[in-house]
Amino acid sequence: MLQCNISAQSLGGTRMAGRPRRSVLYMPGSNARALEKAKTIPADALIFDLEDAVAPDDKVMAREQVCAAVADGGYGGREVVIRVNALETPWGAADIMAACVAAPDASLIPKVIHSGDIISAAKLLQSVHAPKKVRLWAMMETPMAILNARTIAARAVYDDNRLDCLVMGTNDLIKESRARALHDRFAVVPWLAMTLAAARAYRLDIIDGVYNDFRDMEGFRDECQKGRILGMDGKTLIHPTQVGPCNEIFSPSEEEVEWSRKVIDAFGRPENAKKGVIVVEGHMVERLHFAMAQRVVEIADQIRELEVSLG
């Protein structure tokens, strides 16, 4: 049975930090130069797109090109993700199966509307014996996806579903809801918050949607700041110039890391091993803050390792 293996981390306890996903850059799968250029861009993750960025007549060519690039490697410590076409399209199933052979870090499933979409994709991966490292990401880009966010995220309870991350598709959400795309994202924030709560309930990462005007760096930075305040792990990007500011804003500050190390050191002392609340430099600190501090330090360490791997 597909649903037999339940993740202990999904049922309780603190989820490990995993890997940084501050900057997640979309690259068109039909553009060979872009796939090569991606090897030099300091993004945490790359999404090679076979869906929206590729015209129907180019779908098969783009699939072959992307899978060849992923199989050849050369992307360093970056997380490499292939966004496939929806399963109900003529290309979806073939995209997923070809991606499994190329073995990216994940396949991003578009137009997810209910938990069955995750199960179907996971069954396809299982049927072709995809390497265990190939995970699933889910695009949350329809009103029905937002309404079903909890049940979609709940698929992460079962290890065989391979679900690791939710990705907000805010452009599609705005289009389908008839909302206005204002810079304060007044209409969008409730959808982000609902999906974020579902992601956190099941220990999933969640990536914010794109900012369309890559020339408006002030507006982009403001949206990144607000996304981080809301709790997002990072942001999807449409242009390499957005990577640097995004990495900066979604990274723990030096002050955060220094304070987190002090909290970890304090709870690590023998006299505090069984305490739920302690005092650190005059501040009351609970054990939940210890877990938060561990994640901050783990992410900071992984960012450092990633930067070293990228030169």
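Structure shown above.
So, a few notes on the structure that sits alongside this text. (Residues numbered from 1 in each chain as written. Predicted model: local features only at pLDDT ≥ 70, side-chain atom pairs only at ≥ 80, totals over all residues. Heavy atoms only, no water.)

A closer look at the sheet that holds strand β2 (residues 45–49)
Definition in use: Paired strands, as defined in this entry, are two strands with at least two bridges between them according to DSSP. Secondary structure follows DSSP: runs of H or I at least 4 residues long count as helices, runs of E at least 2 residues long count as strands, and numbering of each begins at the N terminus. Only the stretch in contact is used when a helix axis is fitted, and all axes are lines through C-alpha atoms; the angle between N-to-C directions ranges over 0 to 180 degrees. Whether two residues touch is decided by their heavy atoms; if any such pair falls within 4.5 Å, the residues are in contact.
In space, the eight strands of this closed barrel follow the order β1-β2-β3-β4-β5-β6-β7-β8, with parallel pairing throughout. Within the sheet, the average angular offset between the axes of one strand and its neighbour, ignoring direction, is 25°. Both strand β5 (residues 135–140) and strand β6 (residues 163–168) contribute to a ladder of five bridges, which runs parallel. Counted as the bridge partner of W137 is C165 from β6. With respect to the sheet, helix α5 (residues 115–127) is in contact with β4 (106–109), β5 and β6, its orientation differing from that of β5 by roughly 155°. Helix α11 (residues 243–250) rests against β1 (23–28) and β8 (234–237) of the sheet, and its axis sits at about 170° to β8.

Concerning the packing of aromatic side chains
How two aromatic rings sit relative to each other is set out by the distance from centre to centre and by the angle between their planes. Where we set the bar: Under the pairing criterion, centres of Phe, Tyr and Trp rings, with the six-membered ring standing for Trp, must be within 6.5 Å; the plane angle then separates stacked pairs below 30 degrees from edge-to-face pairs above 60, leaving the rest tilted. Using a 1.4 Å probe on the protein chains alone, a residue whose accessible area is under 20% of its type maximum counts as buried, one over 50% counts as exposed, and one in between counts as partly exposed. Two thresholds decide whether a charge sits over a ring: the Lys NZ or Arg CZ must be within 6 Å of the ring centre and within 35 degrees of the ring normal.
One pass over the structure, following the stated rule, counts three aromatic pairs. Seen in terms of ring centroids, F267 and F290 are 5.2 Å apart; in terms of plane orientation they differ by 40°. Their pairing is tilted. Note that F267 is positioned in helix α12 (residues 254–267) and F290 in helix α13 (residues 287–309), a separation of 23 residues in sequence. Across the pair, exposure class does not vary: F267 and F290 are buried alike. The ring of W91 is capped by K59, whose NZ or CZ atom sits 5.3 Å from the centre of that ring. If you follow R215 out to its NZ or CZ, it ends over the ring of F214, 5.2 Å from the centre.

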